[in-house]
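Descriptive analysis of the structure
Here's the letter readout for the chains.
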Amino acid sequence: MGLLLLLTYSLLSCYLQAGGVVTAQPQILFTIRDITLSIEPSNDVTRDTNVTLRCQAMVSSSGEEALSREYTIFKDGKTVYTKTSSSSEDLVYPLPQARVSNSGKYKCKINIEGKQLTSSAQKLIVTGLSRPLLHLNNGVVSEGEELTAKCTAPGETGSIFFYFYEDSTEILERQVSSNQAEAKLRLSKVGIHKIHCDYTVLVTPDSFKSEGSNTITVSVKELSITPVLEIFPQYKIYEGDQLTISCSITNFRYKPENIQLFLSQGTKLLSIGESKVNHSMVALAKDPGEFECGLEMGTLVKAATKTVSVTELFSVPTLTMSPAEVFQKDDMTLTCRSESYASERLSKEDLTYTLDPPESPLTPKGTGVFSGRALLYDFNYTCVARAKGIVKHSKTMTVRPKVSVSIPKILVVGRAVLHQSFKILCQSDIGSLPINYTLLKDYAEVSTISIKLPFQQALFTVTITHPAEISKFMCEAKNRKHKEAPLSKKLNATVIVPLTHPTLTVIPDVAEISEGDHLFLICGVDGTPPVTFNWYRVGNPQSLHSTTSNMNHSNYQVPFLSKEHADKYYCEAVNYANNVVRSDLVIIEVRMALWKKVLIGGFCLLAGAVLVVVLVLCFKSKRVRVDKAAVSVWSKRPPESADEEESSLESNEPDVEYTEVVHPQPADPERAPLRKGTDTVYSELQNSPHGAADHHDYQGSVEYAELNGEQPEINHHHPEVNNYQDLPEPVD
């Protein structure tokens, strides 16, 4: 417990010693309303003008206490000035005696407690440069002596390029960050030279060039030291002669370590020395004839040159081949010769010739003559001529033995169609180009084609009128003279005969086609198969069936014919000759099936039989039984209704009625014989058109009687008979 009190007391003591109670300060509120940058007196000024950049910020705050403001000035995006101030006054950045290097785009930025605002850019343009001044350390120098030049741009600042000129030609350039540049100049040659300078101030992205400086004249004096070149012998130098070349110095007054001599032939350096250089060599006509003795002393360079003419001891040999074209394993000869030689120094016998490489298969047959057989492959030969230590090589000759052409092959390109042009190809598997191919027909020349390039082909266009002509063609190939050309075999190819005489055959016969039959449409042609057949129905462009056959005919089957199959049909055929042929139209009529005919006949017979039976039954149902004594009577049937009376009045034709009358059988069996069955009497009555029977005008009557002796009863249930009492009594 005591320890806790002690710790509390210590903390309170430290707090009170640190200053007691802290009072919170109120926070100041502010806003940066605007910031502008202006250039005084103007954005465009001349050199030496005092320029002022003014940065003005508009800041609003809630308190009276000053805010800490940080200002930054930028030129072309780079910071050039920074200042922190608690004053609300404008920031002023002076540019006294402005120079071209001060030109650029300026901006101003303000930063208050992390809040920033940047002004828009203002461009300052300063024009006018000071004239440069040139100073030289010496006006007279010797050859190779350096000259120190200093060019100054008074009062200028920035990035400056200085240029030095010799007789108006730029000879040196220096870039510095100050207003002066110094350079070491080496003047080109002896004489009077005029030196001046100028400069350019670089202000990205622009540059400003000054006027030229003052001109200073410099005199360059020649040194008395001179290189000397001597060559022995001087005249009539032949190949193989020994040359002695000397390079030295005249009027030598300098230390050797300051001088360097170089002896060279063309681009080849022969020797190096200090005061004198000697060199010996064998003269060769092929080597460059120009020699140079060069002297270097510091920056001074002098040279002496001489040209030596060397006469050929013998010319470069040439290698020739005979014959000019050689085939594998043929005899060949190579000849090596030098066309000219210096007879005053050399005899013909002094020249020797060999072939390189030594393992050449050819053997010498004389001076410079080599013979043998051509190899089966390419071989390089070089002729070597030698005399008095001089060795010369001819150009390398590559002997490429040609390959004799093999027996050619003959074949048809594409298809051979009768009466149409087609192409025949002749080619050999091996053989050096050019190859002449000749097409023969019955051993007579048709045409010749010369093949000179590997991708070319010997194609002959021909036409035949009979298939047997195809075997009369042969091919001949030739690529060398004075040798028999090999012949190919006779051309063996299928000749496509165009299709002709198309026919469409129908099975069964057209007249016998009935429903339910299987119809076969057989399309046949004359020509070379395979043939593609198509069957069509008139009015339908779509093929009913298509097939390709290796025969000259094919069929299309239509099973179970019906009336819908009745129509016009045709077929088309085509083979590799690509000529489409069409058959004539065939009209298919589908007749009724036999079983339908039998069925209909049966129905007809059955209907007839039924009709007969019905008639017989009707006939029997209306028969009247009468006896032998019964006679026909006239009977009149009264109309049943008014409608019938009106109908009788309106009809102009007489009505005929048949009335069944039953006559009783007489008691006397002798008067009328007895019959079996029933006697029925039918009387035909003709009614008057006026509704009353005219007994006098009636033209006749028909009486039917069927007597049945077994039934003596009389049928009294015919009201038609009972109602007509006025008819006359039947008489026996």
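Look a little higher up for the structure.
Sequence order as written defines residue numbering, which begins from 1 separately in each chain. At least 70 in pLDDT is required for a residue's local features to be given in this predicted model, at least 80 for side-chain atom pairs to be given and counted, and no such filter applies to totals for whole chains, interfaces and linings, which use all residues. Note: side-chain values were computed over all heavy atoms of the structure, leaving out hydrogens and water.

1. Thoughts on the side chain of Ser-219
Stated formally: Numbered from the N terminus, helices here are DSSP runs of H or I no shorter than four residues, and strands are runs of E no shorter than two. In this scheme, a residue with accessible area under 20% of its type's maximum is buried, one over 50% is exposed, and one in between is partly exposed, where area comes from a 1.4 Å probe on protein chains only. In this analysis, two residues are considered to be in contact whenever any of their non-hydrogen atoms come within 4.5 Å of each other.
Within the fold, Ser-219 resides in strand E18 (residues 216-221). Among the residues examined, Ser-219 registers a relative accessible area of 19% and is labelled buried. Leave out the neighbours within four places in its chain, and Ser-219 touches Gly-139, Val-140, Val-141, Gly-191 and Ile-192.

2. A closer look at the state of the cysteines
Defined as follows: Count a disulfide wherever a pair of cysteine sulfur atoms falls within 2.5 Å.
Applying the stated criterion across every chain yields a total of six disulfides. Cys-151 shares a disulfide with Cys-197; S-S distance 2.0 Å. Since a negative S-S torsion denotes a left-handed disulfide, the Cys-151-Cys-197 link at about 75 degrees is right-handed. Of this pair, Cys-151 sits in strand E12 (residues 147-152) while Cys-197 is found in strand E16 (residues 191-203), placing the two residues 46 residues apart along the sequence. Each member of the pair, Cys-151 as well as Cys-197, is classed as buried. Two residues share a disulfide in this structure: Cys-523 and Cys-571, whose sulfurs sit 2.0 Å from each other. Its torsion about the S-S bond being 70 degrees, the disulfide of Cys-523 and Cys-571 is classed as right-handed. Highlighted residues: Cys-523 in strand E45 (residues 519-526) and Cys-571 in strand E49 (residues 567-574), separated in sequence by 48 residues. Assessed through its relative accessible area of 0%, Cys-523 is described here as buried.

3. A short note on a nonpolar patch on the surface
To be explicit about the condition: A residue counts toward a patch only above 30% relative accessible area and without a salt bridge, and it is joined to like-charged neighbours within 9 Å or, for Val, Leu, Ile, Met, Phe, Trp and Tyr, to nonpolar neighbours within 5 Å. Per-residue and other accessible areas follow the Shrake-Rupley method at a 1.4 Å probe size, with only the shown protein chains counted as cover for residues. What counts as a salt bridge is simple: a side-chain nitrogen of Lys or Arg found within 4 Å of a carboxyl oxygen of Asp or Glu.
There is a patch of nonpolar side chains on the surface, built from Trp-595, Leu-599, Phe-603, Leu-606, Val-610 and Val-614 and spanning about 610 Å² of accessible area. Topologically, Val-610 is positioned in helix H2 (residues 594-621). The exposure class assigned to Val-610 is partly exposed, which follows from its relative accessible area of 43%.

4. Here's the deal with the packing of aromatic side chains
Basically, it comes down to this: Aromatic pairs are defined between Phe, Tyr and Trp rings, using the six-membered ring for Trp, whenever the two ring centres lie within 6.5 Å; interplanar angles under 30 degrees are classed as stacked, those over 60 as edge-to-face, and all others as tilted. Should the NZ of a Lys or the CZ of an Arg lie within 6 Å of a ring centre and within 35 degrees of the ring normal, that charge is described as sitting over the ring.
Evaluation of the coordinates by the stated rule reveals six aromatic pairs. Between Phe-162 and Tyr-199, the aromatic rings sit 5.8 Å apart at their centres with planes inclined by 45 degrees, giving tilted as the arrangement. Placement of the pair is Phe-162 in strand E13 (residues 159-166) and Tyr-199 in strand E16, with a sequence separation of 37 residues. The same class applies to Phe-162 as to Tyr-199, namely buried. Over the ring of Phe-30 we find Lys-115; its NZ or CZ atom is 4.9 Å from the centre of that ring.

5. Here we look at the sheet that holds strand E10 (residues 133-136)
Inclusion rule: Two strands form a pair only when DSSP identifies at least two bridges running between them. As a rule, the C-alpha atoms of each element are fitted with a line to give its axis, helices using only the stretch in contact, and angles between N-to-C directions run from 0 to 180 degrees.
Sheet architecture is open: three strands sit in the order E10-E12-E15, paired in antiparallel fashion. Both edges of this open sheet fall to E10 and strand E15 (180-185), since each of them pairs with a single strand only. Going across the sheet, the axis of each strand differs from the next one's by a mean of 20 degrees, ignoring polarity. As defined by bridge partners, E10 adjoins E12 across four bridges and the pair is classed as antiparallel. Paired with Leu-133 across the bridge in E12 is Thr-152.

6. Notes on the pairing of strand E39 (residues 435-441)
Most of E39 is tucked away, with five of its seven residues classed as buried. Pairing between E39 and strand E40 (residues 444-451): seven bridges, direction antiparallel. Looking across to E40, one finds that Ile-435 is bridged to Ile-451. Connecting E39 to the antiparallel partner E40 that follows it, the hairpin turn spans two residues, and Asp-442 within it adopts a positive phi of roughly 55 degrees. Where E39 and strand E42 (residues 473-478) come together, six bridges link them in antiparallel fashion.

7. Here we look at the pairing of strand E29 (residues 331-337)
Side chains Met-332, Leu-334 and Cys-336 project from E29 onto a buried face, and the interleaved Asp-331, Thr-333, Thr-335 and Arg-337 project onto a face without burial. Looking at chain direction, strand E28 (residues 318-322) and E29 are connected through five bridges and run antiparallel. If you follow Thr-318 over to E29, its bridge partner there is Arg-337. Bridge analysis of E29 against strand E32 (residues 369-373) gives five bridges, and the strand direction is antiparallel. Bridge pairing in E32 places Thr-335 opposite Val-369.

8. Considering the sheet that holds strand E41 (residues 458-462)
Spatially, the three strands line up as an open sheet ordered E36-E38-E41, and their pairing is antiparallel. If you trace the sheet from one side to the other, it starts and ends with strand E36 (409-413) and E41, each paired once. Taken over all neighbouring pairs, the strand axes of this sheet differ in orientation by 30 degrees on average, direction set aside. Sheet topology note: the E36/strand E38 (residues 422-427) ladder contains five bridges and is antiparallel. Paired with Ile-410 across the strands is Cys-426, a residue of E38.

9. Some points on the side chain of Asn-102
Checked against the element boundaries, Asn-102 lands in the loop between strand E6 (91-95) and strand E7 (104-112). Judged by relative accessible area, Asn-102 falls into the buried class, the value being 18%.

10. Side note on the environment of Leu-229
Position of Leu-229 relative to the elements: it lies in strand E19 (residues 226-232). Assessed through its relative accessible area of 6%, Leu-229 is described here as buried. Along the chain, Leu-229 and Phe-291 lie 62 residues apart, while their C-alpha atoms are 8.4 Å from each other. Not counting residues within four places of it along the chain, the set of residues in contact with Leu-229 comprises Ile-245, Ser-246, Leu-263, Phe-291, Glu-292, Cys-293, Ala-304, Thr-305 and Lys-306.

Just distances and angles here, no functional claims.
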